[in-house]
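Residue strings, one per chain:
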Amino acid sequence: MAAPRCPPFPFLVLALLALSAPALLRADAGGEQRKTYIFRVDHRAKPSVFPTHAHWYTSAAFASSSPAAAPLEPLHVYGTVFHGFSASVPASRAEELRRHPAVLAAFEDRVRQLHTTRSPQFMGLRARLGLWSLADYGSDVIVGVLDTGVWPERRSLSDRNLPPVPSRWRGGCDAGPGFPASSCNRKLVGARFFAQGHGAHYGAAAVSSSSNGSAGEYMSPRDADGHGTHTATTAAGSVTYEASMEGYAPGVAKGVAPKARVAAYKVCWKGAGCMDSDILAGFDRAVADGVDVISVSIGGGGGVTAPFYLDPIAIGAYGAVSRGVFVATSAGNEGPTSMSVTNVAPWLATVGAGTIDRNFPAEIVLGDGTRLSGVSLYSGKPLANSSLPLYYPGRTGGISASLCMENSIDPSLVKGKVVVCDRGSSPRVAKGMVVKEAGGAAMVLTNGEANGEGLVGDAHVLPACAVGEKEGDALKAYAANASNPTATITFGGTVVGVKPAPVVASFSARGPNGLIPEILKPDFIAPGVNILAAWTGATGPTGLEGDARRTEFNILSGTSMACPHASGAAALLRSAHPGWSPAAIRSALMTTAVVTDNRGGAVGDEAQSGRAATPFDYGAGHINLGKALDPGLVYDAGEEDYVAFMCSIGYEPNAIEVVTHKPVSCPAASGNGASGSDLNYPSISVVLRGGNQSRTVTRTATNVGAQASATYTARVQMAPGSGVSVSVKPEKLVFSPSAKKQSYAVTVTAPSAQAAGAPVHGYLVWSDGGGHDVRSPIVVTWLQPM
């Protein structure tokens, strides 16, 4: 794998076709099709005659060199984390605007996809102790959530016993259908929605038809999908008693920062994804409103990433981070495929998913007495019969039937039977609806090789459970060989204290970083499997149109659920340490993360039972908030560091300016044999190219411990037998009141025979002997020169 580098920059109008869903195009009066473009503008070029940038962009002076050109009608005007506008224009007009002397870049809008009663405790939080106590549960911090909106009536968004809203808050509550301005309170301090890009992409009818909720949507901040309500309350849900999802996961529900304030920014729409132009508008507004943390469970898929200067999430996040706002993003759900991680900019916290010590067991009992273990959140009536015929449509019906796709199975063959369906191609719960509508009595969902033994619970519409690959193979073998195969399913409710945990979720996207391998991604993992949080009142727990159930809470899995755990954690750390930068907060979460499970063994990989996970799977490890409050040392970074990083990977100054909003200059040597390894990052990823079998990188640690005078000693361990040696100079770091920062160098050396070897993993730990162990993963990979 060769590290993609930035080619020359003057071409910045591009379609990013490999990353985009096909746009629904509209024609202008002249018959030319229109698309939405985002234009990055040098805001300093605005003539003083115009009172605002919006006046300038819509003026004849800006519109075109042709007097006949119509004035622009921007969808969004950006002025906080990004300067410029988005507009729906023909390609010829976009090309004309690209040549405007004040336009620095133009890129096409594209669609992105949306990627708890126990999980806070699993991360090390304890009532009235440690981080919860010191941070007052995050009451002075505002978490902005870019998602599908919010269902404000949920108890998890109650403002009972909360003090007044922080006076610095500048946000508001956008009224709209089903969402009066009074929906906001001292907990839900702000709610806004952004539909301009959505409407331009899908057409005016898509917007108007959903204006009153009649099409299952609301043209307001109200959440018709459920995803936004779930992520917001995972991060900062209020303490809620007697919570459960139809009896599952009963207990006291609370977010990671249960007193933190929530500001909802609806940039995603039910069944339609999220447009880049709306996401960027959400970033812009959230930072202007005064949020402290932004949670973004949105991204591309399959590890396909654009350069940072063409990625609105990376650009918006940079603008936020440069203003002191911590940004957490989901790593994606394309695991366990290698190099599938997305949202890889180094100023982001990229969060993968792990399990917690809670499960929802179900058991399949076969006619020959064999018992197979699975999981389920089915809460309806149990199966009436102790034994029903077992049928696998894939034996005779082809691939579509094996996957239980819509209209693929014969009702006469499945009526009254337990139907076996393979996982893939369609939502897991949708397969159950197909079986139910065909007359099936129950369903067993079986994993294939891609998902291995990774299981997630679903609130199925009929008696159903999921099993791993091994159990699924045994089940299908029995169905094929028994003369009269039968089965039944029993449901075991909620079980806690499960071991081992955490385990890296099979779906969690994996490294290495396909864009810049010198930056290890994901950064860490957090609880993302079977997470309970509040839910919308507009749809059932499956989200299917035919699901008439309504629940106050739902249990979901995904890196979308892991991301708000990190956002809530950041809110607590920001409250406890208001002077820390976003990089320092991320460093504290990374260097205190754990790589052992609750049995004391190595964190495992759910996709490959028995295999220990690696830093490509979990980054620095699983969040441990019991230690993050007092990490000892942090690796800080700011704008100058990120600019130097982009220079070092070959980005040209005008490309970097699209991200930074400021003119930059790179040293003449930048991009010539340099790499991103020297960014002051808490993890160390060294890439050896060709015959170069030695590389030295530097880091600077800042003492944030209670003792201003402290001495830390280095300890390095690499995989045995790897042939890779790592040296650290100096081996001790001595801090004092006048020397709070100390730098060191790490030299990685490998024999030339390993030029094409497999990646080697290890770690560096700085210990002060007083309880601080500052741990950084080390990854060494080899790439052949291009």
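Worth saying up front: this structure is predicted, and the values here are computed from it rather than measured.

## Side note on the UniProt feature "active site" (unreviewed entry) in the protein
Part 1 of the argument: When the UniProt feature table is mapped onto this chain, "active site" (unreviewed entry) is found at Asp147, His227 and Ser560. Across 414 residues of sequence, these annotated residues stay compact in space, with a maximum C-alpha separation of 10.0 Å.
Part 2 of the argument: Here histidine 227 lies in helix 8 (residues 227-236).
Part 3 of the argument: If we ignore the near neighbours within four places in the chain, the residues touching histidine 227 are Leu114, His115, Asp147, Thr148, Ser297, Trp535, Ser560 and Met561.
Part 4 of the argument: Topologically, serine 560 is positioned in helix 15 (residues 559-576).
Part 5 of the argument: Engagement of the side chain of serine 560 in a polar contact is seen with the side chain of histidine 227, the distance being 3.0 Å.

## Some points on the sheet that holds strand 34 (residues 684-689)
Part 1 of the argument: Reading across from one edge, 34-41-40-36-38 is the order of the 5 strands in this open sheet, with mixed pairing throughout. Both edges of this open sheet fall to strand 34 and strand 38 (732-735), since each of them pairs with a single strand only. Averaged over all pairs of adjacent strands, the angle between strand axes in this sheet comes to 20°, irrespective of strand direction.
Part 2 of the argument: Relative to strand 41 (residues 773-783), strand 34 runs parallel, the two being bridged by 6 bridges. Paired with valine 687 across the strands is threonine 781, a residue of strand 41.

## Observations concerning empty space enclosed by the protein
Part 1 of the argument: Estimates place the volume of the second largest cavity at around 80 Å³.
Part 2 of the argument: Tallied by class, the residues present in the lining of the second largest cavity amount to 6 nonpolar, 4 polar and 3 charged.

## Digging into the environment of asparagine 407
Part 1 of the argument: Relative to the elements of secondary structure, asparagine 407 occurs in the loop between helix 11 (394-402) and helix 12 (411-414).
Part 2 of the argument: According to the relative accessible area criterion, asparagine 407 is exposed, its value standing at 75%.

## Focus on the environment of valine 296
Part 1 of the argument: Mapped onto the elements of the fold, valine 296 is located in strand 15 (residues 293-296).
Part 2 of the argument: Between the C-alpha atoms of valine 296 and alanine 328, which are 32 residues apart in sequence, the distance is 6.1 Å.
Part 3 of the argument: Apart from the residues within four sequence positions on either side, valine 296 is in contact with Leu146, Phe283, Val327, Ala328, Thr329, Ser330 and Cys563.

## A word on the state of the cysteines
Part 1 of the argument: Applying the stated criterion to the full structure yields 4 disulfides.
Part 2 of the argument: Disulfide partner of cysteine 173: cysteine 184, at an S-S distance of 2.0 Å. Negative torsions about the S-S bond denote left-handed disulfides, and the value of about 80° found for cysteine 173 with cysteine 184 makes this one right-handed. Pair noted here: cysteine 173 is in the loop between strand 8 (142-147) and strand 9 (188-193) and cysteine 184 is in the loop between strand 8 and strand 9, with a separation of 11 residues, a long-range link.
Part 3 of the argument: Looking at cysteine 184, the relative accessible area reads 17%, which means it is buried.
Part 4 of the argument: Each disulfide pairs two cysteine sulfurs, and for cysteine 268 the partner residue is cysteine 274, the sulfurs being separated by 2.1 Å.

## Some points on the pairing of strand 10 (residues 240-245)
Part 1 of the argument: Strand direction decides the pairing type here: strand 10 and strand 11 (residues 248-253), joined by 3 bridges, are antiparallel. The partner of threonine 240 across the bridge, within strand 11, is alanine 253.
Part 2 of the argument: Hairpin connection from strand 10 to strand 11: 2 residues lie between these consecutive antiparallel strands, with glutamate 246 at a positive phi of about 50°.

## Structural notes on the side chain of threonine 80
Part 1 of the argument: Here threonine 80 shows up in the loop between strand 4 (76-79) and strand 5 (83-90).
Part 2 of the argument: Discounting residues that sit within four places of it in the chain, threonine 80 has contacts with Asp284, Val287, Ala288, Arg323 and His661.

## Focus on the packing of helix 9 (residues 276-289) against helix 10 (residues 312-321)
Geometrically, a packed helix pair is captured by the angle between its two axes and the distance between the axes.
Part 1 of the argument: The geometry of helix 9 relative to helix 10 is characterised by a closest axis approach of 9 Å and an angle of 5° between their N-to-C directions. As judged from the angle between their axes, helix 9 and helix 10 are roughly parallel. The segment helix 9 lies against helix 10, with Asp276, Ile279, Leu280, Phe283 and Val287 engaging Pro312, Ile313, Gly316, Ala317 and Ala320.
Part 2 of the argument: For the contact of helix 9 with helix 10, a count of residues per class yields 8 nonpolar, 1 polar and 1 charged.

## Notes on the nonpolar core
Part 1 of the argument: Judged by nonpolar contacts, the single largest core of 114 residues is most densely connected at Phe283, Val291, Ile294, Phe308, Val327, Trp347 and Leu589.
Part 2 of the argument: Broken down by element, the residue count for this core peaks at 8 residues, all from helix 15.
Part 3 of the argument: Contacts of valine 291, omitting those with residues within four sequence positions, involve Ile142, Gly144, Trp169, Ala263, Tyr265, Ala286 and Val325.

## Structural notes on the environment of glycine 319
Part 1 of the argument: Examined against the element boundaries, glycine 319 turns out to sit in helix 10.
Part 2 of the argument: Distance in space between the C-alpha atoms of glycine 319 and phenylalanine 283 is 8.4 Å, their sequence separation being 36 residues.

## Considering the pairing of strand 40 (residues 760-767)
Part 1 of the argument: A large share of strand 40 lies buried, amounting to 7 of its 8 residues.
Part 2 of the argument: Examined bridge by bridge, strand 36 (residues 710-718) and strand 40 share 6 bridges and lie antiparallel to one another. The residue bridging valine 716 from the neighbouring strand is leucine 764, located in strand 40.
Part 3 of the argument: If you look at the hairpin formed by strand 40 and strand 41, you'll find 5 residues sitting between the two strands, and glycine 769 has a positive phi there, around 75°.

## Brief notes about the sheet that holds strand 39 (residues 741-749)
Part 1 of the argument: Here we have 4 strands laid out as an open sheet, ordered 33-35-39-37, and antiparallel in their pairing. Looking along the sheet, the strands with just one partner apiece sit at the ends: strand 33 (633-634) and strand 37 (725-729).

## Regarding the packing of aromatic side chains
Part 1 of the argument: Using the criterion set out here, one finds 20 aromatic pairs in the structure.
Part 2 of the argument: Judged by centre distance (5.8 Å) and plane angle (75°), the rings of phenylalanine 62 and phenylalanine 85 are edge-to-face. Of the two residues, phenylalanine 62 sits in helix 2 (residues 60-63) while phenylalanine 85 sits in strand 5, which places them 23 residues apart along the sequence. You'll find phenylalanine 62 and phenylalanine 85 in the same group, each marked buried.
Part 3 of the argument: Centre to centre, the rings of tyrosine 318 and tryptophan 347 are 5.0 Å apart; their planes meet at 85°, and the pair counts as edge-to-face. Linking tyrosine 318 in helix 10 with tryptophan 347 in the loop between strand 17 (326-330) and strand 18 (349-354), this pair joins segments that are 29 residues apart in sequence.
Part 4 of the argument: For tyrosine 318, a relative accessible area of 2% gives the class buried.
Part 5 of the argument: Taken together, the ring pairs connect Phe308, Tyr309, Tyr318, Trp347, Tyr642, Phe645 and Tyr651 into an aromatic cluster.

Rules used throughout
Residues numbered from 1 in each chain as written. Predicted model: local features only at pLDDT ≥ 70, side-chain atom pairs only at ≥ 80, totals over all residues. Heavy atoms only, no water. UniProt positions renumbered as here; feature names shortened; annotations may be inferred. Helix = DSSP H or I, 4+ residues; strand = E, 2+ residues; numbered from the N terminus. Contact = heavy atoms within 4.5 Å. Polar contact = N/O pair within 3.5 Å; in protein donor to acceptor, adjacent residues only side chain to side chain. Pairing = 2+ DSSP bridges. Axes fitted to C-alpha atoms, helices over the stretch in contact; angles between N-to-C directions. 1 Å grid on protein atoms, 1.4 Å probe; cavity = no way out; pocket = protein on both sides within 12 Å on 5 of 7 lines; lining within 4 Å. Points joined across faces, edges and corners; volume = space filled by probe spheres on them. Nonpolar A, V, L, I, M, F, W, Y, C, P; charged D, E, K, R; others polar. Buried < 20%, exposed > 50% of the residue type's maximum accessible area, 1.4 Å probe, protein only. Disulfide = S-S within 2.5 Å. Parallel < 35°, antiparallel > 145°, perpendicular 65-115°, else oblique. Core = buried A, V, L, I, M, F, W, Y, C linked by side-chain atoms within 4.5 Å. Phe/Tyr/Trp six-rings, centres within 6.5 Å; stacked < 30°, edge-to-face > 60°.

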